[in-house]
Amino acid sequence: KNALYLDAVRFSFSDKEQVFDQIWNSDFTAKEKLHSFIRSLIDVMLNDRDFHRLMQREILEADPERMQLLAQGVFNSQFCLLMQLMTELAPEQDAHLLATSAIGLAKYYIEYQPLLKNLPGWKSEHEIPEFIATHVTTLLLNSFQA
């Protein structure tokens, strides 16, 4: 059952993985790769709501065996590449925490958008993927120098 599940998730993620692989294999600078990764992650979450909801459900259930399968069988290679990028950008900082922060920031702005729209200070550009990606990238890059 778990093998079938993992194959289904891998298949669902395979087209998204190709987008990220293009970023890692590009001639972009490290900063451009970070921005492109964050923008692509935002696009994946916005354009494939079923996959996004599936991942949310899995995280909420937090079944240890399924988490291990997802981490090792689906997301490991992309996460390792993101950690390598973070090491290049901020060698003195914890690459794992930086990688999870990049993912977490992007996810937050997408998942909480229905609530954020109703909080003071919200502007219509706060829901534009490029605007969000630029903000998250800038926030991260500035933190590297702190």
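Just so it is clear, the structure is predicted and the values come from calculations on it, not from any experiment.

Colleague: An account of a nonpolar patch on the surface is requested, with residue identities and associated values reported.
Modeller: On the surface, Tyr108, Tyr112, Leu115 and Leu119 cluster together into a nonpolar patch covering about 370 Å² of accessible area. Summarising the element assignment, Tyr108 is placed in helix α5 (residues 95-111). Judged by its relative accessible area of 37%, Tyr108 is partly exposed.

Colleague: Can you tell me about the nonpolar core, naming the residues and giving the values?
Modeller: Counting residues in hydrophobic clusters, the biggest one holds 28 residues, and the most contacted among them are Leu34, Ile38, Met86, Leu89 and Phe144. Those elements that place two or more of their residues in this core are α1 (2-24), α2 (30-47), α4 (64-89), α5 and α7 (129-145). For this core, the element with the highest residue contribution is α2, accounting for 8 residues. Non-local contacts of Met86, meaning those with residues more than four positions away in its chain, are made with Leu34, Pro91, Ala95, Leu98, Ala99, Ala102 and Phe144. Counting 5 residues, the second-largest nonpolar core is a separate cluster that includes Tyr5, Phe51, Met55 and Leu70.

Colleague: I'd like a rundown of helix α3 (residues 49-61), residues and numbers included.
Modeller: End to end, α3 covers 18 Å across 13 residues, agreeing with the expected 18 Å (1.5 Å per residue, within 8%). Looking at the residues trailing α3, positive phi occurs at Ala62, about 50°.

Colleague: Just give me the short version of the packing of aromatic side chains, but keep the residues and values in it.
Modeller: Scanning the entire structure with this criterion turns up 4 aromatic pairs. Ring centres of Tyr108 and Tyr109 lie 5.7 Å apart, and the angle between their planes is 80°; on these two criteria the pair is classed as edge-to-face. Overall, Tyr109 belongs to the partly exposed group, its relative accessible area being 22%. Every member of this aromatic cluster is reached through a ring pair, and the members are Phe20, Trp24 and Phe37.

The rules behind each value
Residues numbered from 1 in each chain as written. Predicted model: local features only at pLDDT ≥ 70, side-chain atom pairs only at ≥ 80, totals over all residues. Heavy atoms only, no water. Patch = residues over 30% accessible without salt bridge, like charges linked within 9 Å, V, L, I, M, F, W, Y side chains within 5 Å. Areas by Shrake-Rupley, 256 points an atom, 1.4 Å probe, with all protein chains shown as cover. Salt bridge = Lys/Arg side-chain N within 4 Å of Asp/Glu carboxyl O. Helix = DSSP H or I, 4+ residues; strand = E, 2+ residues; numbered from the N terminus. Buried < 20%, exposed > 50% of the residue type's maximum accessible area, 1.4 Å probe, protein only. Core = buried A, V, L, I, M, F, W, Y, C linked by side-chain atoms within 4.5 Å. Contact = heavy atoms within 4.5 Å. Expected span 1.5 Å × (residues − 1). Phe/Tyr/Trp six-rings, centres within 6.5 Å; stacked < 30°, edge-to-face > 60°.

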